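What follows is each chain in one-letter form.
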Amino acid sequence: MEITNVTEYDAIAKEKLPKMVYDYYASGAEDQWTLQENRNAFARILFRPRILIDVSKIDMTTTVLGFKISMPIMVAPTAMQKMAHPEGEYATARAASAAGTIMTLSSWATSSVEEVASTGPGIRFFQLYVYKNRKVVEQLVRRAEKAGFKAIALTVDTPRLGRRESDIKNRFTLPPNLTLKNFEGLDLGKMDEANDSGLASYVAGQIDRTLSWKDVQWLQTITSMPILVKGVLTGEDARIAIQAGAAGIIVSNHGARQLDYVPATISALEEVVKATQGRVPVFLDGGVRRGTDVFKALALGASGIFIGRPVVFSLAAEGEAGVRKVLQMLRDEFELTMALSGCRSLSEITRNHIITEWETPRHLPKL
């Protein structure tokens, strides 16, 4: 059966993967309310398309931190991709590069920064978890920079791991043939069997709960790479992030895997965008499954979006070809949405192209 949309890969991945692995990728925290809401919130935003505009030529290109990419659709960091497919992060890196977009490599990848760099050219960002041992962090950041990575996406919503009940039930741990490659040789690459989630125990032992804004400033003293703060959901924190020297903000609720009952990222986006007042770019991570979702995020002020689960599910289903197809489908759908909305370039996508259900007609532009 031909795959015609991104969501169809979910069921294929579920069929193919061991339960422990699929559940790790698919699940959210606790009641999984935010997991559902990340999708549902998109459905409450409708279009106000403009007609009779010449849309014979559509330009989706954009720049992110000065790097030109083919479309505002990028690959989010997702951990342990070799659990999904033997080629793991290698396949994802090649697919993102072929699509002319950015891949973000997870700290907890099953391929190292050097291995991913060896796949060939491409613009890559590195997602960072701050370990208690700062020497380890420094070493890792320097390795990423040396391997040609262009930015750090600092995850700030994980002083502790969220409660993911399927991981507890499944006693989740990294399969024995795999390691967290970036930490191999540091005795930090293995995850032990635990009485609950092996990952939760690993985080409790290794990740620094004292992480604060001063550490965002410290990071800037050890690297010249720009820092994106990933995990911002409020205007207050957006303003502090800018003061702390962030080059950009990723509105993210960690795929609804951390604190349940936070808003969907698409719902939190506008507050964050308004708080930044255009001083730094704001990106959206979470819940994007359609080209229409990409358009809605840009209409609400995002400079681009990141996709996570669609990447691991398509990787599980079809390897590199699956990830390529996901990126292509989203690109094609987004281009079509632009055309049918009367937008020829990203700069033409405005707040007036959408209506949110919480708006009454008085919010709309004067005729």
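Residues numbered from 1 in each chain as written. Predicted model: local features only at pLDDT ≥ 70, side-chain atom pairs only at ≥ 80, totals over all residues. Heavy atoms only, no water.

By the naming in an unreviewed UniProt entry, the protein chain is (S)-2-hydroxy-acid oxidase, taken from Brassica cretica. Database annotation for the protein chain, UniProt heading Sequence similarities (unreviewed entry): "Belongs to the FMN-dependent alpha-hydroxy acid dehydrogenase family." Checking UniProt for the protein chain, the heading Catalytic activity (unreviewed entry) contains the comment "glycolate + O2 = glyoxylate + H2O2". (UniProt positions renumbered as here; feature names shortened; annotations may be inferred.)

Caption draft 1: View of the packing of aromatic side chains. Within the structure shown, the criterion is met by 11 aromatic pairs. Between Tyr 24 and Phe 172 the ring centres are 4.5 Å apart and the planes differ by 10 degrees, which places this aromatic pair in the stacked class. You can see Tyr 24 sitting in helix H2 (residues 19-26) and its partner Phe 172 sitting in the loop between helix H7 (165-169) and helix H8 (198-206), a full 148 residues away along the chain. Phe 172 shares its class with Tyr 24; the two are buried. Ring pairs connect the aromatic residues Trp 108, Tyr 129, Tyr 131, Phe 183 and Tyr 202, which therefore count as one cluster. Positioned over the ring face of Trp 218 is Arg 134, at 5.2 Å from the centre of the ring. Lying across the ring of Phe 47, Lys 296 places its NZ or CZ 5.3 Å from the centre. (Phe/Tyr/Trp six-rings, centres within 6.5 Å; stacked < 30°, edge-to-face > 60°. Helix = DSSP H or I, 4+ residues; strand = E, 2+ residues; numbered from the N terminus. Buried < 20%, exposed > 50% of the residue type's maximum accessible area, 1.4 Å probe, protein only. Lys NZ or Arg CZ within 6 Å of the ring centre and 35° of its normal.)

Caption draft 2: Seen up close, the pattern of salt bridges. In the structure shown here, the tally under the stated rule is 16 salt bridges. Salt-bridge contacts for Arg 163 lead to Glu 165; the nearest nitrogen and oxygen are separated by 4.0 Å. Arg 163 gets classed as partly exposed once you look at its relative accessible area, which sits at 48%. The exposure class of Glu 165 is partly exposed, given its relative accessible area of 34%. With its nearest N and O atoms 3.3 Å apart, the salt bridge here joins Lys 181 to Glu 184. For Lys 181, a relative accessible area of 23% gives the class partly exposed. Using a relative accessible area of 42% as the deciding quantity, one classes Glu 184 as partly exposed. One continuous salt-bridge network, built from bridges that share partners, spans Glu 87, Arg 94, Glu 320 and Arg 324. (Salt bridge = Lys/Arg side-chain N within 4 Å of Asp/Glu carboxyl O.)

Caption draft 3: Representation of the UniProt feature "binding site: glyoxylate" (unreviewed entry) in the protein chain within the structure. Feature annotation in UniProt assigns "binding site: glyoxylate" (unreviewed entry) to the following positions: Tyr 24, Tyr 129, Arg 164, His 254 and Arg 257. Tracing the chain through its elements places Tyr 129 in the loop between strand E6 (124-128) and helix H6 (134-146). For Tyr 129, the residues in contact, after removing those within four places along its chain, are Ser 107, Trp 108, Val 137, Thr 155, Thr 158, Ile 207 and His 254. Residue position: His 254 is located in the loop between strand E9 (248-251) and helix H11 (265-276). Judged by its relative accessible area of 11%, His 254 falls in the buried class. Ignoring sequence-local partners within four residues, the contact set of His 254 consists of Tyr 129, Thr 155, Asp 157, Thr 158 and Arg 164. (Contact = heavy atoms within 4.5 Å.)

Caption draft 4: Here's a closer look at the environment of Gly 287. The residue Gly 287 is located in the loop between strand E10 (282-285) and helix H12 (291-299) in this model. In this structure Gly 287 comes out as buried when scored by relative accessible area, which is 8%. Each C-alpha atom, one on Gly 287 and one on Ser 252, is 9.8 Å from the other, the two residues being 35 residues apart in sequence. Setting aside residues no more than four positions away along its own chain, Gly 287 makes contact with Asn 38, Arg 39, Phe 42 and Asp 293.

Caption draft 5: Summary view of the packing of H6 against helix H9 (residues 213-222). Where H6 contacts H9, the two axes come as close as 10 Å, and the packing angle between them is 50 degrees. Looking at the two axes, H6 sits oblique to H9. Like other packed secondary-structure pairs, H6 and H9 cross with a definite hand, here right-handed. Across from Arg 134, Val 137, Glu 138, Val 141, Arg 142 and Glu 145 in H6, the residues of H9 making contact are Asp 215, Trp 218, Leu 219 and Ile 222. The class makeup of the residues in the contact of H6 with H9 is 5 nonpolar, no polar and 5 charged. (Axes fitted to C-alpha atoms, helices over the stretch in contact; angles between N-to-C directions. Parallel < 35°, antiparallel > 145°, perpendicular 65-115°, else oblique. Left-handed = near helix turned anticlockwise from the far one by under 90°. Nonpolar A, V, L, I, M, F, W, Y, C, P; charged D, E, K, R; others polar.)

Caption draft 6: Local environment of the pairing of strand E8 (residues 227-232). Of all 6 residues in E8, 6 are buried; the element is thus mostly enclosed. Two elements, E8 and E9, share 4 bridges in a ladder whose sense is parallel. Within E9, the position partnered with Val 229 by the bridge is Ile 249. Handedness of the crossover joining E8 and E9 through helix H10 (residues 235-243): right-handed. (Pairing = 2+ DSSP bridges. Right-handed = clockwise from strand over helix to strand, strands pointing away.)

Caption draft 7: Summary view of the environment of Phe 47. Of note, Phe 47 is situated in strand E1 (residues 45-47). Among the residues examined, Phe 47 registers a relative accessible area of 29% and is labelled partly exposed. Residues Phe 47 and Ala 299, 252 residues apart in the sequence, show an inter-C-alpha distance of 9.9 Å. If sequence neighbours within four positions are ignored, Phe 47 has contacts with Thr 292, Phe 295, Lys 296, Thr 337, His 353 and Ile 354.

Caption draft 8: Expanded view of H12. Among the 9 residues of H12, 8 are classified as buried, and the element is accordingly described as predominantly covered. Among all positions in H12, only Gly 291, Asp 293, Val 294, Phe 295, Lys 296, Ala 297, Leu 298 and Ala 299 are buried. Note on H12: the residue one or two positions beyond its end, Gly 301, has a positive phi of about 110 degrees.

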